[in-house]
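Residue-level listing of the chains:
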Amino acid sequence: MARFEIFDAGFGAMGTTAQADILLELGMMYATGRDCEVDVVAAHKWFNIAAIKGSARAAALRSELSGTMSKLDIVKALREAREWMTMH
């Protein structure tokens, strides 16, 4: 996962739409198990962050995924998203 969380200095200068698209793809990667194990908490986290950045598709996918998750997993995903947003 570190390969996706270590962004170069230019990441902050990217347009919000580009950021949201990248974060949406991270969510898709974890939701489908593409190049990693399926991790619904991580998927929800990235969909949530992408939604905050303006992705309507990420918001819809986050909502759909939430229906399959326990309340504890949702709380964990929200906490992780909040921590990530605080650090970045």
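Residues numbered from 1 in each chain as written. Predicted model: local features only at pLDDT ≥ 70, side-chain atom pairs only at ≥ 80, totals over all residues. Heavy atoms only, no water.

Enquirer: Just checking my understanding: could you explain the nonpolar core for this structure?
Expert: One broad rule of soluble globular proteins: the nonpolar side chains tend to lie buried together. In this structure, Leu-23, Leu-24, Tyr-30, Trp-46, Phe-47, Ile-49 and Ala-58 are the most contacted members of the largest nonpolar core, which totals 21 residues. For this core, the elements supplying multiple residues, two or more each, are helix 2 (16–32), helix 3 (40–52), helix 4 (56–66) and helix 5 (71–87). Top contributing element to this core by residue count: helix 3, with eight residues. When sequence neighbours within four positions are dropped, the list of residues in contact with Ile-49 reads Leu-23, Ala-81, Trp-84 and Met-85. (Core = buried A, V, L, I, M, F, W, Y, C linked by side-chain atoms within 4.5 Å. Buried < 20%, exposed > 50% of the residue type's maximum accessible area, 1.4 Å probe, protein only. Helix = DSSP H or I, 4+ residues; strand = E, 2+ residues; numbered from the N terminus. Contact = heavy atoms within 4.5 Å.)

Enquirer: What exactly am I supposed to notice about the side chain of His-44 here?
Expert: The topology assignment puts His-44 in helix 3. Within the structure, His-44 has its side chain in polar contact with the side chain of Ser-66 (distance 3.1 Å). Dropping the residues within four chain positions of it, His-44 is found in contact with Arg-62, Leu-65, Ser-66, Met-69, Ile-74, Ala-77 and Leu-78. (Polar contact = N/O pair within 3.5 Å; in protein donor to acceptor, adjacent residues only side chain to side chain.)

Enquirer: Before we go on, may I ask you to explain helix 3 in this structure?
Expert: In an α-helix, one full turn covers 3.6 residues, which means residues spaced three or four apart are oriented alike. Its 13 residues give helix 3 an end-to-end C-alpha distance of 18 Å, which sits within 8% of 18 Å, the value for a rise of 1.5 Å per residue. Where burial is concerned, most of helix 3 is hidden: 11 out of the 13 residues are buried. Residues of helix 3 that are buried include every one of Val-41, Ala-42, Ala-43, His-44, Lys-45, Trp-46, Phe-47, Asn-48, Ile-49, Ala-50 and Ala-51, and no others. Near the N-terminus of helix 3, the side chain that reaches the backbone nitrogen of Val-41, with its oxygen 3.1 Å away, is that of Asp-39. One or two residues past the end of helix 3 sits Gly-54, with phi positive at roughly 115 degrees. (Expected span 1.5 Å × (residues − 1).)

Enquirer: What exactly am I supposed to notice about the pattern of salt bridges here?
Expert: Applying the stated criterion across every chain yields a total of one salt bridge. Linking Arg-34 and Glu-25 is a salt bridge whose minimum nitrogen-to-oxygen distance equals 3.6 Å. (Salt bridge = Lys/Arg side-chain N within 4 Å of Asp/Glu carboxyl O.)

Enquirer: Would you explain the packing of helix 3 against helix 5 in this entry?
Expert: Between two packed helices, what matters for the description is the angle formed by their axes and the separation of those axes. It is at 8 Å that the axes of helix 3 and helix 5 come closest, and there the two elements cross at 50 degrees. One finds that helix 3 runs oblique with respect to helix 5. Note that helix 3 runs across helix 5; the crossing there is right-handed. Of the residues in helix 5, those touching helix 3 at Val-41, His-44, Lys-45, Trp-46, Asn-48, Ile-49 and Ile-52 are Asp-73, Ile-74, Lys-76, Ala-77, Leu-78, Glu-80, Ala-81, Trp-84 and Met-85. When the residues that make up the contact of helix 3 with helix 5 are grouped by side-chain class, the tally is 10 nonpolar, two polar and four charged. (Axes fitted to C-alpha atoms, helices over the stretch in contact; angles between N-to-C directions. Parallel < 35°, antiparallel > 145°, perpendicular 65-115°, else oblique. Left-handed = near helix turned anticlockwise from the far one by under 90°. Nonpolar A, V, L, I, M, F, W, Y, C, P; charged D, E, K, R; others polar.)

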